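These are the residues of each chain, in order.
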Amino acid sequence: MSGHRQRTSAPGAVSVQQPRCVSPSRPGAGGEEATGGGGEAAGGVSFTSWRAERRDGHGSHPLGSGKYRFEASSCEDSEFVRALSVLSIDASAGLARVVRTAGTPTVPYLPTTACGPHHLGSSFVISRRMFLTGAAASAAALTYPAWGTALSPRASAAPATCELALENKSLPGTVHAYVTGHELGTDRWVLLKPDGGVYRPDSPGAPQTPLPVDCAIPLKAAGAGPVVLTLPQMYGARVYFVRDDKLDFFLNPGPSLVEPAFATPTDPNYGRTWAFAEFTFNTEQLYSNISYVDLITALPIGITLEGDATHVVAPHPEGAVEKIAEDLTAQAAADGQPWDKLITRGDDGRVLRVVSPQNIMAPYFDRPDEMPFRGLFEAQIDEVWEKYRSEDLRIDLQGGRGTLAGRVSGDTLTFEGGHTFTKPVTKDVFTCNHGPFTNDPADSDDKKAILARLAAGFNRSIMLSHPSQPNGTSTSDYYRSAVTNHWSRVVHANSPIGYAFPYDDVRPDGEPDVSGAAHDGNPRRFTVSVGS
């Protein structure tokens, strides 16, 4: 990857939203079709008919019926997601979309100079994370990928609170943390205060009202141990860290919390060094994750979740983001593609963050002749299509579901069972949700599983070398072609864990899970650390 935030900026400015996580359900809980009637989503986006779905390594799955809340995205987010059809493609982040099937969405507080209704497509994605409310948070939560680590085998409910430990492992200077989310049961925005209390903001009288309470939590010096607070149940939540500064948060009427935006230069937080981890703590479990599908920042974040077991998600090493920037700059010099344009630097020249390719491609989806990375994969895709005209491409659906063979005829790849895929283009490969990789909730589970493995194979450039996917491959086979997803290659070369593209959770049987997720049904202490 979330059902989050409306980001409203100064007139003429736009922004992109960032992923938020939702808890997966207990093992075996499947998604259900969900449709809704007329209404207005939280944040003011109007629609008359909708369906909700989530993505994981198996494909797209409808979300169960229940009370869902979605908050409006800002203009650039709308354009980005409209172009992608879905902004969330990471199972561990629990990302979701709303598909508008009728009605005209309206986005309040949106600078009309920045965008207008012409940006809103027929598959309009409201936001990146689905908010589950009340009972839906446990009864209709998202399903973890089948190959993911099993959830804690507990039948009883999760505790009402657990310890939250916020720790500066290694960073000099000052570090502050913020904890934001929605209160389970009331759905109100909440922030933890430095004294351990809970702040529930009221609706302001105007958009972009500065948050009236300072919720910055000062951390101890590097290596001096954690600050420990009591964490109540909340969902769609984040832990932010910022170095040698504080972050600015705002409120819109509702209230809707306006959080930092990584792709909006007019955002007051844009030039600061900050990062976040995501979590949901509900009646079943605490679920947390780190994902690099959209970006990786200069602050390494790690997770340790202690409960029925101890779950550890390692941070990226100190200096990894600088090395990623160096490697992408070198790759740009080698092949002439704009890998270096993925890098955001501060005024002092330091690397603040590096974003994934689709972030700079999205504004050009309606101008394909100007789009960065246009044509990158096309020659390789042509070779793949020619190869499988006379040879079977075999896709193992995994989980005991068997293997299906496919052949190309004309421009269509057809698998046993009648599952068809047209020839993709570069945009389809990077986004994993355009062209033949577009998510259709009506597709069978088998087709969704094939889609996930095809998308992963193209991003890793193993479609020509390995006619059987994903079993029969290993990580040493990935990214060996000169034409590949070098963003993903470089991120994995410099960070031990975390998604780097939407279907990065596809892996051969027996390979370890490196998705960057941790979850436990009996959480006692949730440690989120910054620094390596």
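Parameters at a glance
- Residues numbered from 1 in each chain as written.
- Predicted model: local features only at pLDDT ≥ 70, side-chain atom pairs only at ≥ 80, totals over all residues.
- Heavy atoms only, no water.
- Helix = DSSP H or I, 4+ residues; strand = E, 2+ residues; numbered from the N terminus.
- Areas by Shrake-Rupley, 256 points an atom, 1.4 Å probe, with all protein chains shown as cover.
- Phe/Tyr/Trp six-rings, centres within 6.5 Å; stacked < 30°, edge-to-face > 60°.
- Buried < 20%, exposed > 50% of the residue type's maximum accessible area, 1.4 Å probe, protein only.
- Lys NZ or Arg CZ within 6 Å of the ring centre and 35° of its normal.
- Contact = heavy atoms within 4.5 Å.
- Salt bridge = Lys/Arg side-chain N within 4 Å of Asp/Glu carboxyl O.
- Expected span 1.5 Å × (residues − 1).
- Pairing = 2+ DSSP bridges.
- pLDDT = per-residue confidence, 0-100.
- Arc of directions from axis to C-beta.
- Axes fitted to C-alpha atoms, helices over the stretch in contact; angles between N-to-C directions.
- Left-handed = near helix turned anticlockwise from the far one by under 90°.

Q: Summarise the overall build of the protein chain; cite the residues concerned and give the values.
A: In terms of helices and strands, the protein chain carries 8 helices and 32 strands. For the protein chain, the accessible area works out to roughly 18,100 Å², and carbon and sulfur atoms hold 51% of it.

Q: Just give me the short version of the packing of aromatic side chains, but keep the residues and values in it.
A: According to the stated counting rule, one finds 13 aromatic pairs in the structure shown. Summarising the aromatic geometry, the rings of Tyr178 and Phe249 are spaced 5.0 Å apart at their centres and angled 45° between planes, so their arrangement reads as tilted. Here Phe249 lies in the loop between strand E16 (234-243) and strand E17 (250-252) and Tyr178 lies in strand E10 (residues 175-183), a separation of 71 residues in the sequence. Note on accessibility: Tyr178 and Phe249 belong to one class, buried. Measuring from centroid to centroid gives 5.7 Å for Tyr240 and Phe249, while their planes differ by 85°, and the two rings are edge-to-face. For the pair formed by Tyr240 and Phe249, the shared burial category is buried. Each member of the aromatic cluster is reached from another via a ring pair, and the members are Tyr178, Tyr240, Phe249, Trp274 and Phe276. It is Arg238 that lies over the ring of Phe276; its NZ or CZ is 4.0 Å from the centre. Above the ring of Tyr270, the side-chain terminus of Arg353 is found at 5.1 Å from the ring centroid.

Q: Go over the environment of Thr297 with me, naming the residues and quoting the values.
A: Along the polypeptide, Thr297 turns up in strand E21 (residues 295-297). A sequence separation of 23 residues divides Thr297 from Ala320, and the C-alpha atoms of the two residues are 9.1 Å apart. Look past the residues within four positions of Thr297 in its chain and what remains in contact with it is Trp274, Ala275, His316, Val321, Leu352 and Arg353.

Q: Before we move on, can you summarise the pattern of salt bridges with the specific residues and values?
A: Pairs can form between side chains of opposite charge once their charged atoms are near each other. With the rule as written, the count across this model stands at 18 salt bridges. For Glu167, the salt bridge is made with Lys169, and the minimal N-O distance between the two is 3.9 Å. Arg350 is paired through a salt bridge with Asp348; the nearest N and O atoms lie 2.5 Å apart. Since its relative accessible area comes to 49%, Arg350 is described here as partly exposed. Each of Asp245, Asp248 and Arg272 takes part in one network of salt bridges that share partners.

Q: Before we move on, can you summarise the environment of His519 with the specific residues and values?
A: If you trace the backbone, His519 turns up in strand E31 (residues 517-520). Here His519 falls in the buried class, since its relative accessible area comes to 4%. For the pair formed by His519 and Gly307, sequence separation is 212 residues and the distance between their alpha carbons is 9.0 Å.

Q: I'd like to hear about helix H7 (residues 445-460), residue by residue, with values.
A: Helix length check: H7 (16 residues) gives 23 Å between terminal C-alpha atoms against 22 Å at 1.5 Å per residue, within 8%. At the exit of H7 stands Ser461, carrying a positive phi of roughly 55°.

Q: Hey, could you go over the pairing of strand E23 (residues 310-313) for me, with residue numbers and the actual values?
A: Burial along E23 is one-sided: the residues His311 and Val313 are buried and none of Thr310 and Val312 is. Relative to E23, strand E22 (residues 301-306) runs antiparallel, the two sharing 4 bridges. Following the sheet pairing, Thr304 is matched in E23 by Val312. Where E22 folds back on E23, the antiparallel hairpin that results is connected by 3 residues.

Q: Give me the lowdown on the confidence of the model for the protein chain, citing residues and values where you can.
A: Chain-level statistics for the protein chain give a pLDDT mean of 76 and a share of 71% at 70 or above. Within the model, the stretch residues 1-155 combines pLDDT values under 50 with 496 contacts to residues more than four positions away or in other chains.

Q: Residue-level account of helix H5 (residues 378-387), with values.
A: The α-helix advances 3.6 residues per turn, and as a result positions three or four apart in sequence lie on the same side. Burial in H5 covers these residues: Gln380, Ile381, Val384 and Trp385. Taken end-on, H5 shows its buried residues confined to a sector of 140°, consistent with a single buried face. The elements touched by buried residues of H5 are strand E27 (403-409), strand E28 (412-415), strand E29 (419-422), helix H6 (426-431) and H7.

Q: Tell me what's going on with the sheet that holds E28, and back it up with residues and numbers.
A: Taken in spatial order, the 5 strands line up as E29-E28-E27-E26-E30 in an open sheet, and their pairing is mixed. At either end of the open sheet lies a strand with only one pairing partner, and these are E29 and strand E30 (468-469). Bridge analysis of strand E26 (residues 393-396) against E30 gives 2 bridges, and the strand direction is parallel. Across the sheet, residue Arg394 finds its bridge partner in E30, namely Ser468. Against the sheet, H7 contacts E26, E27, E28, E29 and E30, and its axis sits at roughly 35° relative to E29.

Q: With reference to specific residues and values, describe the packing of helix H3 (residues 320-335) against helix H8 (residues 486-494).
A: Relative to each other, H3 and H8 sit at 145°, their axes nearing to 9 Å. Crossing hand, H3 versus H8: right-handed. When H3 is examined against H8, the residues Ala320, Lys323, Ile324, Asp327, Leu328, Gln331 and Asp335 are found in contact with a partner set consisting of His486, Trp487, Arg489, Val490, Val491 and Asn494.

Q: Lay out unusual backbone geometry with the relevant residues and their values.
A: Note the cis peptide between Gly254 and Pro255, where omega equals 0°. By the secondary structure assignment, Pro255 is in the loop between E17 and strand E18 (256-258). A cis geometry characterises the amide bond from Gln469 onward to Pro470, with omega recorded as -15°. The residue Pro470 is located in the loop between E30 and H8 in this model. Not every positive phi belongs to a glycine, and Gln398 is a case in point at roughly 65°. Mapped onto the secondary structure, Gln398 falls in the loop between E26 and E27. Of the residues examined, Gln398 reaches a relative accessible area of 4% and is grouped as buried.

Q: Give a description of the sheet that holds E17 that names residues and reports values.
A: One open sheet holds the 3 strands; their spatial order is E13-E17-E18, and the pairing between them is antiparallel. The open sheet is flanked by strand E13 (209-210) and E18, the only strands paired with a single partner. By the bridge criterion, 2 bridges tie E13 to E17 in an arrangement that is antiparallel. In the strand pairing of E17, Thr209 is matched with Leu251.

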